[in-house]
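# Close look at the chain arrangement
This is what each chain is made of:
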Amino acid sequence: MTTTKSAVEAEPHLWLPYTQMQTTAAPLAVARAEGATITLEDGRVLVDGIASWWTACHGYRHPHITAALSAQLETLHHVMLGGLVHPQAKTLAKRLAGLLPGFLERVFFAESGSVAVEVAMKIAVQTQRSRGEPSRHRFVSFLGGYHGDTFATMSVCDPEEGMHHLFRDVLAPQFTRPLPTTTDEHAAFAAFLNQERHQIAAVVLEPLVQCAGGMRFHSPEDVRAIKRACDASGTLLIFDEIATGFGRTGTLFAAEACEVVPDIITLSKALTGGTLPLSCAVATREVFETFLDDDPLRALMHGPTFMGNALACAAANASVDLFESEPRVAQAKALEEALATALAPCRKLSDVIDVRCRGAIGVVELDALSPARLQRLRDAFVDRGAWIRPLGRVVYLMPPLNLTSADLDVLARALFDGLSATGSKTR
Ligand SMILES: *Cc1c(COP(=O)(O)O)cnc(C)c1O
């Protein structure tokens, strides 16, 4: 059964994300979600191929997180972190500092990924100022990158692919560069950074996989070259691991696989195992120490109302427990080969230009994907028991990290058959 109502007809009050409400089909009404499956109000069951924008890394409603949340409900829901503190926030900050590489150990909590990136950018500008370099307040980011939807973060997204070109004239001018992937490009990037260093506070990078901007991969060596260029020019390096963090690329953090410790790292998405909104920007000891001063105005001037929410921190602590007690990272790593095998048949489709997998990320890139076909694809996937929502012309899987092989089969089959049923020819 396929809905024919549009989103605007079906939903009189909700305003949906990135959705032309007039032409998009009504959203599917969800009754429950558990493990890797979503149950709709009409009883249909879908295997979730994208884990609710990559958040539900242990699947939905993991009993351990549910229990931790229930226990937390008995004592403390929320208090402001201005002048007050609580054990869940302290414990989580300490555990994150222990899990992250190097001396990334000072954790500033926020509620969304975009705000965490804003905070990281603010930290970078203030750090340069404390070092006596107030002119260093611009940012370098990369084509294909995505860092959020707020104004500062939009300015470091890919200006074309980044869904924000409408705002181009309103955004602060930054430097968007092609991501350097050859030895010559590494050298050219270092030369560029050195030449412009007087203006540049930091480089912002999604290490190893640029996710929402198009699911493009690059190598640990590319990341190391960017790190060397930053070191040589006194530029801070911000890793945005909001998408890649917590096992997604096959190590707990992509930074580990790159053997690079950035100055600041941002985390969110899978931080609470897909239960409650929470994010953080984590700075090295060295960066943090530039804020220590007699002058109160040289403190970090930021403070989200709901920062360090106790329920969200309890969920995140429970999620970290699961990374410690269950082989979650090994499962993510093992998914790489399983995804590659499961998606290999898509290479035979005439309009598929690439199939690539890294960790628990499987990507099928088409040469084009029209809005009309996108609608038909959604229905074709749902009819085959899968929830898959393409990004641009990329159809991808970023499922729960503990996906079973039976559920992977459902997803991969739906992906192949859905593409075939909506126009892809076998070559
Ligand atoms: C999703 C995402 C963000 C933005 O997070 P929100 O919680 O949607 O604000 C930023 N950076 C990356 C890499 C992301 O994947």
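Preceding this paragraph is the structure being described.
Residues numbered from 1 in each chain as written. Predicted model: local features only at pLDDT ≥ 70, side-chain atom pairs only at ≥ 80, totals over all residues. Heavy atoms only, no water.

Considering soluble globular proteins, one finds that nonpolar side chains tend to be buried as a cluster. Within the largest apolar cluster, 121 residues are counted, with the highest numbers of intra-cluster contacts made by Phe109 and Met215. Examining the composition of this core, we find that 7 residues originate from one element, helix H5 (residues 113-130), more than from any other. With residues near it in sequence (within four places) discarded, Met215 still touches Trp54, Gln210, Arg356, Ile361, Val363, Leu391, Val394, Tyr396 and Met398. Formed by 6 residues, the second largest nonpolar core is a distinct cluster that contains Ile65, Ala315, Ala318 and Leu322. (Core = buried A, V, L, I, M, F, W, Y, C linked by side-chain atoms within 4.5 Å. Buried < 20%, exposed > 50% of the residue type's maximum accessible area, 1.4 Å probe, protein only. Helix = DSSP H or I, 4+ residues; strand = E, 2+ residues; numbered from the N terminus. Contact = heavy atoms within 4.5 Å.)

Residues in contact with the ligand, as listed here, are Trp54, Ser112, Gly113, Ser114, Tyr146, His147, Gly148, Glu206, Asp240, Ile242, Ala243 and Lys269. Lys269 is positioned with one of its side-chain polar atoms (N or O) 2.7 Å from an oxygen atom of the ligand. Taking 390 Å² as the accessible area of the ligand by itself, protein coverage stands at 83%. For the shell around the ligand, the class distribution of residues is 4 nonpolar, 5 polar and 3 charged. (Near = heavy atom within 4 Å. Polar contact = N/O pair within 3.5 Å; in protein donor to acceptor, adjacent residues only side chain to side chain. Areas by Shrake-Rupley, 256 points an atom, 1.4 Å probe, with all protein chains shown as cover. Nonpolar A, V, L, I, M, F, W, Y, C, P; charged D, E, K, R; others polar.)

Moving on to the sheet that holds strand E4 (residues 104-110). On the basis of which strands lie adjacent, the open sheet formed by 7 strands has the order E4-E12-E11-E10-E7-E5-E6 and mixed pairing. Lying at the two open borders of the sheet, with one neighbouring strand each, are E4 and strand E6 (175-177). Mean inter-strand twist for the sheet, computed between neighbouring axes without regard to direction, equals 20°. Two elements, strand E7 (residues 200-205) and strand E10 (residues 236-240), share 4 bridges in a ladder whose sense is parallel. Opposite Leu205, over in E10, you have Phe239 as the bridge partner. Sheet strands touched by helix H7 (residues 183-196): strand E5 (138-142), E6 and E7. Its angle to E7, the strand with the most contacts, is close to 150°. With respect to the sheet, helix H8 (residues 220-233) is in contact with E5, E7 and E10, its orientation differing from that of E10 by roughly 150°. (Pairing = 2+ DSSP bridges. Axes fitted to C-alpha atoms, helices over the stretch in contact; angles between N-to-C directions.)

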